[in-house]
Amino acid sequence: NNNLSYTVFEYTGTSDASTDRVLDFNDTTGDVYLRNSGGAKITYSADLDRAAAATAAQEILFQPTSGSTIEFSGALSDGAGAAMPMRTTGPGTTMLRGANTYSGETSHNDGTLLINGTHTGGSNVAVAASATLGGNGSIGLAAGNDVTVNSAASLAPGDPDTASGVGTLTVNGDLDFQSGAIYA
């Protein structure tokens, strides 16, 4: 399809880095990709600013490559009238540390997703085969939604970056383990 419209922020560095710049998506209508292909960790500490422009579903995609980490400690929230879905692709680690309030679905397709902050009012969370959901935070689901850990997917509470790696991931809502799902 030649009519794709999206914005890509890509970190290619080989050393850990951070930025406190606001990621302003008010002038874009397409999806937003945060990529890390450098093998290090990039930390975004500011909020995602899309409140003024997002009147249609605009997805945010986290794409860390193997050995890379994308840490987002700002807040992810919906726009002015449209739910924002969130998706992860790529075998690396995505770490969410902020107070997130986006209400679109979360599709975790590959690698590790660590919820080390809070997520309230969310829609369904789906963890695909070979993906891992973990962290020391909390997921608060809107009524009628659930966290589904599919066959060959893992739920692994805690954070491997902490001294013990052990912790508690709180799910306020339904947690659905499909046949073949793994609790690690």
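K.L.:
Can you help me understand the pattern of salt bridges in this one?
P.N.:
A side chain with one charge may pair with a side chain of the opposite charge, provided their charged atoms come close. Counting across every chain of the model gives four salt bridges. The salt bridge involving E71 is made with K41; its shortest N-O contact spans 2.9 Å. Placement of the pair is E71 in strand β8 (residues 69-72) and K41 in strand β5 (residues 41-44), with a sequence separation of 30 residues. The partner of R97 in a salt bridge is D159, and the shortest N-O contact between them spans 3.8 Å. Within this pair, whereas R97 is found in the loop between β10 (93-96) and β11 (99-100), its partner D159 is found in the loop between β19 (154-157) and β20 (170-172), the two being separated by 62 residues in sequence. Given the relative accessible area of 35%, R97 is considered partly exposed. The network of salt bridges with common partners includes K41, E71, R97 and D159.

K.L.:
Can you help me understand the packing of aromatic side chains in this one?
P.N.:
Here a ring pair, both rings aromatic, is described through the centre-centre distance and the interplanar angle of the planes. The final tally for this structure, using the stated rule, is two aromatic pairs. Aromatic side chains F62 and F72 sit 6.1 Å apart centroid to centroid with 75 degrees between the ring planes, which places their arrangement in the edge-to-face category. Taken together, the residues F62 in strand β7 (residues 60-64) and F72 in strand β8 connect sequence positions ten residues apart. Classification of F72 by relative accessible area gives buried; the value is 1%. Of the aromatic side chains, those joined through ring pairs into one cluster are Y44, F62 and F72.

K.L.:
When you look at the side chain of E71 in this model, what are you seeing that I'm missing?
P.N.:
Owing to a relative accessible area of 8%, E71 belongs among the buried residues under this scheme. Within polar-contact distance, the side chain of E71 engages the side chain of R97 at 3.1 Å. When near neighbours in sequence (up to four residues on either side) are disregarded, E71 contacts K41, I42, T43, Y44, M95 and R97.

About the thresholds
Residues numbered from 1 in each chain as written. Predicted model: local features only at pLDDT ≥ 70, side-chain atom pairs only at ≥ 80, totals over all residues. Heavy atoms only, no water. Salt bridge = Lys/Arg side-chain N within 4 Å of Asp/Glu carboxyl O. Helix = DSSP H or I, 4+ residues; strand = E, 2+ residues; numbered from the N terminus. Buried < 20%, exposed > 50% of the residue type's maximum accessible area, 1.4 Å probe, protein only. Phe/Tyr/Trp six-rings, centres within 6.5 Å; stacked < 30°, edge-to-face > 60°. Polar contact = N/O pair within 3.5 Å; in protein donor to acceptor, adjacent residues only side chain to side chain. Contact = heavy atoms within 4.5 Å.

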